[in-house]
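Below are the chains, spelled out letter by letter.
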Amino acid sequence: MTVRTHVVIIGGGPAGLTAGIYTSRLGLDTILIEKATLGGQVAISPFIENYPGFVSIPGPELTKRFIEHAETMGVQIKVPETVIDLELKGEVKKVYTDKNTYEADAVIITTGASRRKLNVPGEKEFAGKGVSYCAVCDGAFFKGKTVAVVGGGNTAVSEALHLTQLVRKLYIVHRRDDLRAEVALKQRLLDSPNVVPLWNTIVEAIKGDTVVRKLVLRDLKKDEVFEIDVDGVFVAIGYAPNSQLAAKAGVLVDEKGYIIVNRKQETNIKGVYAAGDVTGGVMQIGVAVGEAIVAAMSAFEHVTGGWYAKKKALKAVKIDFEKLKTKEKAIEEKEKKSLFKFKL
Ligand SMILES: Cc1cc2nc3c(=O)[nH]c(=O)nc-3n(C[C@H](O)[C@H](O)[C@H](O)COP(=O)(O)OP(=O)(O)OC[C@H]3O[C@@H](n4cnc5c(N)ncnc54)[C@H](O)[C@@H]3O)c2cc1C
């Protein structure tokens, strides 16, 4: 089926959902396509403690609020649906998915980034059999067991903190002699009684039978190889941008594959915008959300020719305020003690 719309947003993480809230609210017909889980990386974040307005909120809870907001504003969300090809150079942009073809005046790319792999023997073989890239998704399988988290940044540390509540023993394997994570997170992890840091250490291989049993490690200072017994390995060593499709369609990317944008979040192709982790820089929710707002405003300018030019031609935004109030009440009931108030 071919569907014509004003804007297609590719990716349903914080950037995509925010862009949708804005374009929909501005009156543009907006279709958001998400291949896996709405919320993107936030949906798998154990907790978020630096998104303004929330002292501490579980990632899935924040995701729920983003989705409710986007749906209330009228974003048509297609999930699960995977974008498999793009034709972006013409005036009408074509977005091909595994289910439909979409034609749009503007496309906003918010495909985020994916976990980097260790690329060591055993990683592929034991993926899903002890090797994991998501503590929230898989942590419960390792209750009372011994695991290793590989990495030293914020992601590795927040994943490790989540796991410390579940596992008997946790090794944090890091190639440097200190964690790069925020001080507050780092301290909390290193103070946990079941955490054993292995500094200046890299993974050489993952061994097992039907499931993971051992990690083969190299101590970089002593230049010695040694093994530890583990039931699981959580890999958290950084990200690579999901920009391959965009690049194939002619969108310029930098040497690391991040989409190049200007201050209006415009790419090199007219009518094509990018926001969030896929553009690199500081990869945080607040940044993704901010960039998405700019991208949405730029897309609106492009589609309408400016606020005053064709605004009347666009459909009036229909917000179901009754539905919104019911949702507001439900949230208030659930979180009476929270500082958060859903504001109309
Ligand atoms: C464990 C963890 C903890 C974190 N903690 C924090 C924190 O405390 N504070 C903070 O600010 N940030 C945190 N982050 C980072 C934050 O989650 C990201 O910066 C943010 O999610 C980026 O949003 P995004 O929308 O750009 O990309 P993403 O969240 O990566 O979303 C991109 C979406 O695009 C989809 N997609 C990709 N390709 C396609 C395709 N071809 N078709 C359809 N859909 C596609 C993906 O499935 C994904 O859902 C954390 C991340 C992780 C993993």
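Just so it is clear, the model here is predicted, and its values are computed rather than measured. (Residues numbered from 1 in each chain as written. Predicted model: local features only at pLDDT ≥ 70, side-chain atom pairs only at ≥ 80, totals over all residues.)

Engineer: Any chance you could explain the domain arrangement of the protein here in plain terms?
Structural biologist: By convention, interface size is frequently given as the accessible area that disappears when the constituent parts associate. You can read the domains of the protein as domain 1 (2-114 + 239-336) and domain 2 (131-235). Its C-alpha centre places domain 1 at a distance of 33 Å from the equivalent point of domain 2. (Domains from an automatic or database assignment.)

Engineer: Can you help me understand the site of the ligand in this one?
Structural biologist: The environment of the ligand is formed by 39 residues, the closest being Gly 11, Gly 13, Gly 40, Gly 112 and Gly 276. Of all the secondary-structure elements, those providing two or more residues to the shell around the ligand are α1 (14-25), α4 (154-164) and α7 (285-304). Across the shell around the ligand, the residue classes break down as 15 nonpolar, 19 polar and five charged. Structurally, the shell around the ligand is a two-domain feature, drawing no fewer than three residues from each of domain 1 (2-114 + 239-336) and domain 2 (131-235). (Near = placed C-beta within 6 Å. Helix = DSSP H or I, 4+ residues; strand = E, 2+ residues; numbered from the N terminus. Nonpolar A, V, L, I, M, F, W, Y, C, P; charged D, E, K, R; others polar.)

Engineer: Just checking my understanding: could you explain the packing of α4 against helix α5 (residues 183-190) for this structure?
Structural biologist: For any two helices packed against each other, one specifies the inter-axial angle together with the distance between the axes. Where α4 contacts α5, the axes come no closer than 10 Å and their chain directions differ by 40°. As summarised for this structure, α4 and α5 are arranged oblique, according to the angle between their axes. Between α4 and α5 lies a crossing whose hand is left-handed. Between α4, through Asn 154, Val 157, Ser 158, Ala 160 and Leu 161, and α5, the contact on the second element is made entirely by Leu 185, Lys 186, Arg 188 and Leu 189. (Axes fitted to C-alpha atoms, helices over the stretch in contact; angles between N-to-C directions. Parallel < 35°, antiparallel > 145°, perpendicular 65-115°, else oblique. Left-handed = near helix turned anticlockwise from the far one by under 90°. Contact = placed C-beta atoms within 7 Å.)

Engineer: Can you walk me through the nonpolar core in this structure?
Structural biologist: Grouped burial of nonpolar side chains is what soluble globular proteins tend to show. Core analysis: the largest hydrophobic core is formed by 57 residues, its most contacted members being Val 8, Val 107, Ile 108 and Ile 109. Elements that contribute at least two residues to this core include exactly β1 (2-10), α1, β2 (30-33), α2 (59-73), β4 (83-87), β6 (101-109), β17 (272-274) and α7. Looking at this core element by element, the count peaks at nine residues for α7. Here Val 8 is in contact with Ile 31, Ile 33, Val 95, Tyr 102, Ala 104 and Val 107, once residues within four sequence places are set aside. Core analysis: the next-biggest nonpolar cluster, separate from the first, contains 33 residues, Val 131, Phe 142, Leu 217 and Val 235 among them. (Core = buried A, V, L, I, M, F, W, Y, C linked by C-beta atoms within 7 Å. Buried ≥ 20, exposed ≤ 12 C-beta atoms within 10 Å, placed from the backbone.)

Engineer: Sorry, what's going on with the environment of Tyr 171 here?
Structural biologist: Structurally, the position occupied by Tyr 171 is in strand β10 (residues 169-173). With 22 C-beta atoms packed within 10 Å, Tyr 171 lands in the buried category. Tyr 171 sits 87 residues away from Tyr 258 along the chain, and the two C-alpha atoms are 32 Å apart. Setting aside anything within four residues of it in sequence, one finds Tyr 171 in contact with Ala 148, Val 196, Leu 198, Ile 228 and Val 230.

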